Amino acid sequence: MIEFTFWDIVRNLLLAARWTVLLSLAAFVGGALVGMVVLFFRISKNTWSRRLASGYIALFQGTPLLMQLFLMFFGLPMLGLRIEPWTAAVLGLTFFASAYLAEIWRSGVDALPLGQWDAGASLGLHYLQELRLIILPQAFSITRAPTVGFLVQLIKSTALTSIIGFEELVRTSNAINNATFEPFKVYGLVALIFFVMCFPLTQYARSLEKRAAH
Amino acid sequence: MAFGWLPGAVGDIAHGAATTILLIAVTTLAGTLLSILGAAGRRNGPALLRRAIAWYVEVMRNTPFLVQLFFIFFGLPSLGIRLDPILAAMLAMTLNMAAYTIEIVGAGLDAVPLGQTEAALALGLRPRQVFIKIVLPQALKVIYPALTSQIVIMMLESAVVSQIAVRELTYEADMLQARTFRSFETYFVVTLVYLALSMALRRLLVTGGRRALGAGVS
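Predicted model only: the values in this text are computed from it and were never measured.

## Some words on the nonpolar core
With 103 residues, the main nonpolar core has Leu169 and Phe194 of chain A as its most contacted residues. At 12 residues, helix α4 (residues 85-111) of chain A tops the list of elements feeding residues into this core. In this structure Phe194 of chain A touches Thr20, Ile155, Lys156, Thr158, Ala159, Leu169 and Val170 of chain A together with Asn62, Thr63, Pro64 and Val67 of chain B, once residues within four positions along its chain are discounted. In this structure, Ile36, Val105, Val130 and Leu136 of chain B belong to the second largest nonpolar core, which totals 14 residues.

Printed below as a string of structure tokens:
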């Protein structure tokens, strides 16, 4: 058996936490980009594209993320694509995030008075210009708090990618726990590392929420 | 894609779904009860209890459920407490859900005007009666939609407890795909079952809430 000192455990966990951070960032950026596309469909004037987007959102919000990751991990090879856990993790979390972000931002678009659209039209802007210059900037700014709140949820969700074999914080901690048999210490430290990543964001989301309420 | 294995797997899938339903039923009842106590304690308890509940909520909300589950299932035995996987899952789910619903219930309690309490006290009701008969029903009505969403989210999170070998829906899917070698198809079917379950659960809660509380839920 390999001897692990306390600092060995901490050092290994912190090294693994890099992947948690990187995966969270990749999924957030990917989710934001795809989420914009979904949002575009969701608020379109075309009934079918609205229905398509609603279905997409309902599908991802109505099934477990773990199933979505499994489908990604086992589904892409069926299409003849060789897939590594990292690719499956990023893609799975990207689609998951896109559904939630689209829905959050849609609530921002809905909260705007219809007059904002009319004003844009009366200025002679066409639909895309209205979206880009008037609607989306306001929708993003009033939904900043829930967007940051979702980022916290996304960071926590990266834990699930350990199950499809992505070597992040939780997977590393399982390996360390198997070697040291000190579950309290190991999982306690993992919880602490996640807490340190998430708590400042939670507080930030809360302060944004308060500012918005006044 | 091949679904020839499906007819023989219906029993296993149904068994897994039943366990998932059991998990969420227990979690909903225990979690809601715990969160009512927590929210009341957070507002009216002694200072130390208030602070303890506030920290509990922060810690649970800022750490992954999977880590909480491992902490309970693998950690508690070293204190001499050995839990069945299913009990460990129920405990972890309840503790996790309560952290979210304490905030939700608390917001509901804050939304009931103070005049309601004052009026009830003036009528001679004891403080506990005021809370249970006057304040709580009104608060539950306000928070019912948020509570419903949280219960559905928790049902979806329960997929993770397959990792400590609780024989729920995801665990049965793992077993099936190992037996049939049709991983994608198996997870595809089980994902649809989850989708149906979450839609049915939401429908059930909305209708039930309307009947019991007269709560307006969309």
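Now, onward.
## A word on the packing of helix α1 (residues 6-44) of chain B against helix α7 (residues 169-180) of chain B
The geometry of a pair of packed helices is captured by two quantities: the angle between their axes and the separation between those axes. Residue and element names in this part refer to chain B. Where α1 meets α7, the closest approach of the two axes is 7 Å, and the angle between their N-to-C directions is 155 degrees. Compared by their axis directions, α1 and α7 come out roughly antiparallel. When α1 is examined against α7, the residues Ala9, Asp12, Ile13, His15, Gly16, Ala17 and Thr20 are found in contact with a partner set consisting of Leu169, Glu172, Leu176 and Arg179. Taken together, the residues of the contact of α1 with α7 sort by class into 5 nonpolar, 3 polar and 3 charged.

## Some points on the interface of chain B and chain A
Across the boundary between the two partners, chain B contributes 36 residues, which contact 35 residues of chain A. Roughly 3,000 Å² of surface becomes buried between chain B and chain A when both sides are summed, with 78% attributable to carbon and sulfur atoms. Among the residues chain B hides against chain A, the three largest losses belong to Asn62, Phe71 and Phe184 of chain B. Together they make up 19% of the total. The interface formed by chain B and chain A includes 2 salt bridges. When the shortest N-O distance is used, the salt bridge between Arg206 of chain A and Glu103 of chain B registers 4.0 Å.

So, how was this worked out
Residues numbered from 1 in each chain as written. Chains lettered and ligands numbered in written order. Predicted model: local features only at pLDDT ≥ 70, side-chain atom pairs only at ≥ 80, totals over all residues. Heavy atoms only, no water. Core = buried A, V, L, I, M, F, W, Y, C linked by side-chain atoms within 4.5 Å. Buried < 20%, exposed > 50% of the residue type's maximum accessible area, 1.4 Å probe, protein only. Helix = DSSP H or I, 4+ residues; strand = E, 2+ residues; numbered from the N terminus. Contact = heavy atoms within 4.5 Å. Axes fitted to C-alpha atoms, helices over the stretch in contact; angles between N-to-C directions. Parallel < 35°, antiparallel > 145°, perpendicular 65-115°, else oblique. Nonpolar A, V, L, I, M, F, W, Y, C, P; charged D, E, K, R; others polar. Buried area = accessible area lost by both parts, 1.4 Å probe. Salt bridge = Lys/Arg side-chain N within 4 Å of Asp/Glu carboxyl O.

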